[in-house]
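# Remarks on the overall topology
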Amino acid sequence: MPSGQFNYSELPKSDVTIVSFSGGKDSLATYLEVRDHFKHVVPFYLQGVPDLEFIEDNLRYYEKLMGRRIIRLPQPRFYEKLNDLIYQPPDYDRHRLIWSWCLPNHTHEEIHEAVCKCEGLDPETVYTAIGLKMADSIQRRTAMARNGLVTHSRKKYYPIAYYSKQDVLDKVAGAGWKLPSDYGLFKDSFDGLQIRYLLPIKKHFPRDYERILAWFPLAEAEVLRYERFQRGA
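Residues numbered from 1 in each chain as written. Predicted model: local features only at pLDDT ≥ 70, side-chain atom pairs only at ≥ 80, totals over all residues. Heavy atoms only, no water.

## Here we look at the pairing of strand β1 (residues 16-20)
Cut-off, in case you're wondering: Each residue is assigned to one of three classes by its accessible area relative to the maximum for its type, calculated with a 1.4 Å probe on protein chains only: buried under 20%, partly exposed between the two thresholds, exposed over 50%. Strands are runs of DSSP state E lasting at least 2 residues, helices are runs of H or I lasting at least 4, and numbering of each runs from the N terminus. We call two strands paired when DSSP finds no fewer than two bridges between them. Looking down the strands as they point away from you, a crossover is right-handed if its path from the first strand over the helix to the second goes clockwise.
The buried count for β1 comes to 4 of 5 residues, which makes it a mostly enclosed element. The pairing of β1 with strand β2 (residues 40-47) spans 5 bridges and is classified as parallel. Considered in β2, the bridge of Ile 18 is made with Val 42. After leaving β1, the chain enters helix α1 (residues 25-34) and then returns to the sheet as β2, a path that is right-handed. Where β1 meets strand β4 (residues 128-129), 2 bridges bridge the pair, whose relative direction is parallel. Looking at the pairing, Ile 18 lines up with Thr 128 of β4.

## Description of the packing of helix α9 (residues 195-204) against helix α10 (residues 206-215)
Operational definition: Every axis in this analysis is a line fitted to C-alpha atoms, fitted for helices over the stretch in contact. Angles between the N-to-C directions lie between 0 and 180 degrees. Note on angle classes: values under 35 degrees are labelled roughly parallel, values over 145 roughly antiparallel, values of 65 to 115 roughly perpendicular, and the remainder oblique. Only heavy atoms enter the contact rule, under which two residues are in contact if any of them lie within 4.5 Å. Each residue gets one of three labels, nonpolar for Ala, Val, Leu, Ile, Met, Phe, Trp, Tyr, Cys and Pro, charged for Asp, Glu, Lys and Arg, and polar for the others, Gly among them.
Interhelical geometry of α9 versus α10 gives an angle of 130° and a closest axis separation of 5 Å. In terms of orientation, α9 lies oblique with respect to α10. Counted together, Leu 198, Ile 201, Lys 202, Lys 203 and His 204 of α9 and Pro 206, Asp 208, Tyr 209 and Ile 212 of α10 form the full contact between these two elements. For the contact of α9 with α10, the per-class residue count stands at 5 nonpolar, 1 polar and 3 charged.

## Comments concerning the packing of aromatic side chains
Test applied: Two rings from Phe, Tyr or Trp (for Trp, the six-membered ring) form a pair when their centres sit within 6.5 Å of each other. Planes less than 30 degrees apart are called stacked, planes more than 60 degrees apart edge-to-face, and all others tilted.
Counted under the stated rule, the structure contains 16 aromatic pairs. Ring centres 4.7 Å apart and planes at 10° place the aromatic pair Phe 54 and Phe 205 in the stacked group. One end of the pair, Phe 54, is in helix α2 (residues 53-66); the other, Phe 205, is in the loop between α9 and α10, with 151 residues separating them in the sequence. Ring centres 4.9 Å apart and planes at 65° place the aromatic pair Tyr 61 and Tyr 62 in the edge-to-face group. Residue class for Tyr 61 comes out partly exposed when judged on its relative accessible area of 27%. An aromatic cluster is present here, built from Phe 21, Tyr 31, Tyr 61, Tyr 62 and Trp 177 joined pairwise through their rings.

## What to know about the side chain of Thr 30
Inspection of the secondary structure assignment puts Thr 30 in helix α1. Thr 30 sits in the buried class, given a relative accessible area of 0%. Once residues within four sequence positions are removed from consideration, Thr 30 is found in contact with Val 19, Ala 129, Ile 130, Gly 131, Pro 159 and Ile 160.

## Focus: the pattern of salt bridges
Heads up, the rule is: What counts as a salt bridge is simple: a side-chain nitrogen of Lys or Arg found within 4 Å of a carboxyl oxygen of Asp or Glu.
On inspection of all chains with the given rule, the structure shows 20 salt bridges. When the shortest N-O distance is used, the salt bridge between Asp 26 and Lys 133 registers 3.0 Å. Of this pair, Asp 26 sits in helix α1 while Lys 133 sits in the loop between β4 and α6 (138-147), and the two are 107 residues apart along the sequence. For Glu 63, the salt bridge identified is with Arg 72, shortest N-O distance 2.4 Å.

## Considering the layout of surface pockets
Test applied: A cavity, in this analysis, means grid points on a 1 Å lattice covering only the protein atoms where a 1.4 Å probe fits yet has no way out; a pocket is instead an open set bounded by protein on both sides within 12 Å along at least five of seven lines, and a residue lines either one if it has an atom within 4 Å of a point. Grid points are joined across faces, edges and corners, and a volume is the space filled by probe spheres set on the points.
Put simply, the largest pocket is a space of about 1000 Å³. Forming the boundary of the largest pocket are 36 residues, of which Ser 20, Ser 22, Ile 130, Leu 132 and Asp 191 lie nearest the centre. Residues belonging to the lining of the largest pocket are distributed by class as follows: 13 nonpolar, 11 polar and 12 charged. Looking at the second largest pocket, its volume works out to about 250 Å³. Forming the walls of the second largest pocket are 13 residues, and the residues nearest its centre are Met 1, Pro 2, Glu 33, Tyr 163 and Lys 171. Looking at which element gives the most residues to the lining of the second largest pocket, the answer is helix α7 (residues 165-174), with 3 residues. Residue classes in the lining of the second largest pocket are distributed as 6 nonpolar, 3 polar and 4 charged.

Printed below as a string of structure tokens:
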């Protein structure tokens, strides 16, 4: 059992909450935790790269369990990488095309408002549940102890703050839910263009790897560098 319990009375009175849903174990436990306290739970997923098949398969599985659609929105870092030309080839025409899109750098508040707009909710009274735990790090424990578990200015809260890793696993297993299929490859949910994600995706999800390269062509350099290192080159 968790060492403490989140105080839901700190939130504005509402029968709706939003959940930032990455598909990882912490976000699963967060969804399962808050659904016992709210009549309606609205999950949203931030896409690091749009429309990856293995992620969509996972989201569809959870949508069946939730009985509703998970809202998809672009992850702010996705736009940031494009705006900063991360892993882009030295092709000015491509750079000019990307810049012509005028991609915004979304804030947490803007994402919150976008989800509320999708669902017709009042962004002032509906808060977003974030799956962060005190046990994640000393720094996080210190910050939560100092600032509390509800940030009213940003309309967010941390309902599983007192959970341990085992509490999270027990919560998910107790509901009969499975962890994402890619957990056996990454040990967590997909979260960037690091080699620990790219290499398994290239091996096990080649179509998704090609989708990643369509957006970030020079991400292939990370894999080639690793493969040459492995060969002792």
